[in-house]
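Close look at the chain arrangement
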Amino acid sequence: LALLIIGVYLGDSFAIWKTFGWFVTPLTFTEVLVVRGASYLLAFLNYTVGQGAIVYFVKRSRGVPILRGTAAVLLVMGINILLLLLLTTLGLFVNPNLSPALRTVIYVAYGALAVYITLLIIKPRWLTARPIFDVLFSAGLVGHLKALAVRVPHVAVLMAFNYASMHAFGVRVPVAQALLCLPIIYFISALPIAVMGLGTSQLAFVYFFSSYVPDATPEAAKTVVVTASLASQAAAVVIQSTLG
């Protein structure tokens, strides 16, 4: 698990490195590794605060204006949500019994995405004149697709991490089921309704994976799944704190 957490860190840093290099300012991969590792400590308080450390770094080291750096962070965060939304949509077709509330959130997210794409295409003057939207509009649709592509390794390693954790605790979920359900869990965890996704992600893990604990009562199966989820999250905190 520790090795996979390092893989998540490398995948995340790679995506940030490419995205900032394309749309803000060139950085060395070593610089990104250092600042992303340090930002983990702030991210435990709030993910946005952790991303703010990157903005501060490019301001101090490259003279990038705060608003331009902030726009790049918004792009990175938006791409994360977009990738999870696309993968979650695939899971919806396989799991038709998902709660209506989650479906509503996804439909609203697609509505917001449609508005965003429309704005990228028409580029209204009242938005393009604002510095904080400079990076988003200069990236365009092609730039967003490039940023989406370099984010895939990060999410792929993250899914491998949770899959390995479940199997380590005896949750024998098939690979295909994990690929379809884990993005939904990540999407739920990304919603601003719980600190570090605690509680919401555990409920989602139980909902999707408790049936894959062999020879266990329903209550015991839920306990195993929650343990696997919490243990992986605790391992991540320890490794990421050390990196920080």
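Residues numbered from 1 in each chain as written. Predicted model: local features only at pLDDT ≥ 70, side-chain atom pairs only at ≥ 80, totals over all residues. Heavy atoms only, no water.

1. Overview of the overall build of the chain
Filter applied, for reference: Labels follow the DSSP assignment, with helices taken as runs of H or I lasting at least four residues and strands as runs of E lasting at least two, numbered in each case from the N terminus. Put simply, the radius of gyration uses C-alpha atoms, and a globule should come to 2.2 Å times the residue count raised to 0.38. We call two residues in contact whenever any of their non-hydrogen atoms come within 4.5 Å of each other. All accessibility values rest on the Shrake-Rupley procedure with a 1.4 Å probe; residue burial counts only the protein chains present in the view. Here the positive residues are Lys and Arg and the negative ones are Asp and Glu; neither His nor the chain ends is included. Just so you know, the charge point we use is NZ for Lys, CZ for Arg, CG for Asp and CD for Glu.
Helix and strand content of the chain: 10 helices and 0 strands. In sequence order, the secondary structure elements of the chain are arranged as α-α-α-α-α-α-α-α-α-α. Since a compact globule built from 244 residues should have a radius of gyration of about 18 Å, the 19 Å found for the chain is in line with a globular shape. For the chain, the spread of C-alpha atoms along the three principal axes comes to 60 × 40 × 25 Å. When contacts within the chain are restricted to residue pairs at least 6 apart in sequence, those whose partners lie at least 24 apart make up 69%. Taken as a whole, the chain presents about 12,000 Å² of accessible surface, with 73% of it coming from carbon and sulfur. Taking the 14 positively charged and 5 negatively charged side chains of the chain as two groups, their mean positions are separated by 14 Å.

2. Some remarks on the packing of helix 1 (residues 2–23) against helix 7 (residues 134–168)
Formally: Axis geometry follows a simple rule: fit a line to the C-alpha atoms, using only the stretch in contact for helices, then measure angles between N-to-C directions, giving values from 0 to 180 degrees. Working rule for angles: under 35 degrees goes down as roughly parallel, over 145 as roughly antiparallel, 65 to 115 as roughly perpendicular, anything else as oblique. All amino acids are sorted into three groups, where Ala, Val, Leu, Ile, Met, Phe, Trp, Tyr, Cys and Pro are nonpolar, Asp, Glu, Lys and Arg are charged, and the leftover types, Gly among them, are polar.
Taken N-terminus to C-terminus, the directions of helix 1 and helix 7 make an angle of 175 degrees; their axes are 8 Å apart at the nearest point. With respect to helix 7, the axis of helix 1 lies roughly antiparallel. Here the contact of helix 1 with helix 7 is composed, by residue class, of 17 nonpolar, 5 polar and 4 charged.

3. Some remarks on the confidence of the model for the chain
To keep things clear, this is the line we draw: The score called pLDDT rates the predictor's confidence residue by residue, from a low of 0 to a high of 100.
Of all residues in the chain, 92% have pLDDT values of 70 or greater, and the mean over the chain is 86. Here helix 6 (residues 125–128) stands out as the element of the chain with the lowest mean pLDDT, 79, in contrast to helix 1, whose mean of 93 is the highest.

4. Observations regarding the packing of helix 1 against helix 10 (residues 218–243)
Put simply, the test is: Crossing handedness follows the turn of the near helix against the far one: under a right angle anticlockwise gives a left-handed crossing, and clockwise gives a right-handed one.
At a minimum axis separation of 10 Å, helix 1 and helix 10 run at an interaxial angle of 60 degrees. In terms of orientation, helix 1 and helix 10 fall into the oblique class. For the pair helix 1 and helix 10, the crossing hand works out as right-handed. Along its contact with helix 1, which presents A2, I5, I6 and Y9, the element helix 10 presents A235, A236, I239, Q240 and L243.

5. Some points on the nonpolar core
The criterion, for reference: Only buried residues count toward a nonpolar core. Its members are Ala, Val, Leu, Ile, Met, Phe, Trp, Tyr and Cys residues joined through side-chain atoms within 4.5 Å. Relative accessibility under 20% of the residue-type maximum defines a buried residue, over 50% an exposed one, and the middle range a partly exposed one, all with a 1.4 Å probe and only protein chains included.
Judged by nonpolar contacts, the single largest core of 50 residues is most densely connected at F20, M166, L182, I185, F205 and F209. For this core, the leading source of residues is helix 4 (residues 66–94), giving 11 residues. The contact partners of I185, leaving out residues within four places of it in the chain, are S201, A204, F205, F208 and F209.

6. Looking at the packing of aromatic side chains
To be explicit about the condition: Between the rings of Phe, Tyr and Trp (Trp by its six-membered ring), a pair exists once the centres lie within 6.5 Å; its type follows the angle of the planes, with under 30 degrees stacked, over 60 edge-to-face, and the other angles tilted. For a ring to carry a charge above it, either NZ of a lysine or CZ of an arginine must fall within 6 Å of the ring centroid while also lying within 35 degrees of the normal to the ring plane.
In this structure the tally under the stated criterion is 8 aromatic pairs. Ring centres of F208 and F209 lie 6.3 Å apart, and the angle between their planes is 50 degrees; on these two criteria the pair is classed as tilted. For the pair F208 and F209, one class covers both residues: buried. Here a set of aromatic residues connected by ring pairs shows up, and it is made of F205, Y207, F208 and F209. One cation-aromatic arrangement involves K18 over W17; the distance from NZ or CZ to the ring centre is 5.2 Å. The ring of W22 carries the charged tip of K146 above its face, separated from the ring centre by 4.4 Å.

7. Side note on helix 1
Which entries qualify depends on this criterion: Each residue after the first adds 1.5 Å to the expected span of a helix.
End to end, helix 1 covers 32 Å across 22 residues, agreeing with the expected 32 Å (1.5 Å per residue, within 8%). Taken as a whole, helix 1 has its buried residues at I5, G7, V8, Y9, G11, D12, S13, A15, I16, T19, F20 and F23.

8. As for empty space enclosed by the protein
Rules: In this analysis the probe radius is 1.4 Å and the grid spacing 1 Å, with only protein atoms considered; a cavity is a set of points the probe fits into but cannot get out of, a pocket is an open set with protein on both sides within 12 Å along at least five of seven lines, and lining residues have an atom within 4 Å of a point. Grid points are joined across faces, edges and corners, and a volume is the space filled by probe spheres set on the points.
Within this structure, the stated rule accounts for 1 cavity of 30 Å³ or more. In this structure, the largest cavity encloses a volume near 30 Å³. Lining of the largest cavity is provided by A15, T19, V76, I79, A147, V150 and R151. Put simply, the parts of the chain that give the lining of the largest cavity at least two residues each are helix 1, helix 4 and helix 7. At 3 residues, the largest contribution of residues to the lining of the largest cavity is made by helix 7. When grouped by side-chain class, the residues that make up the lining of the largest cavity number 5 nonpolar, 1 polar and 1 charged.

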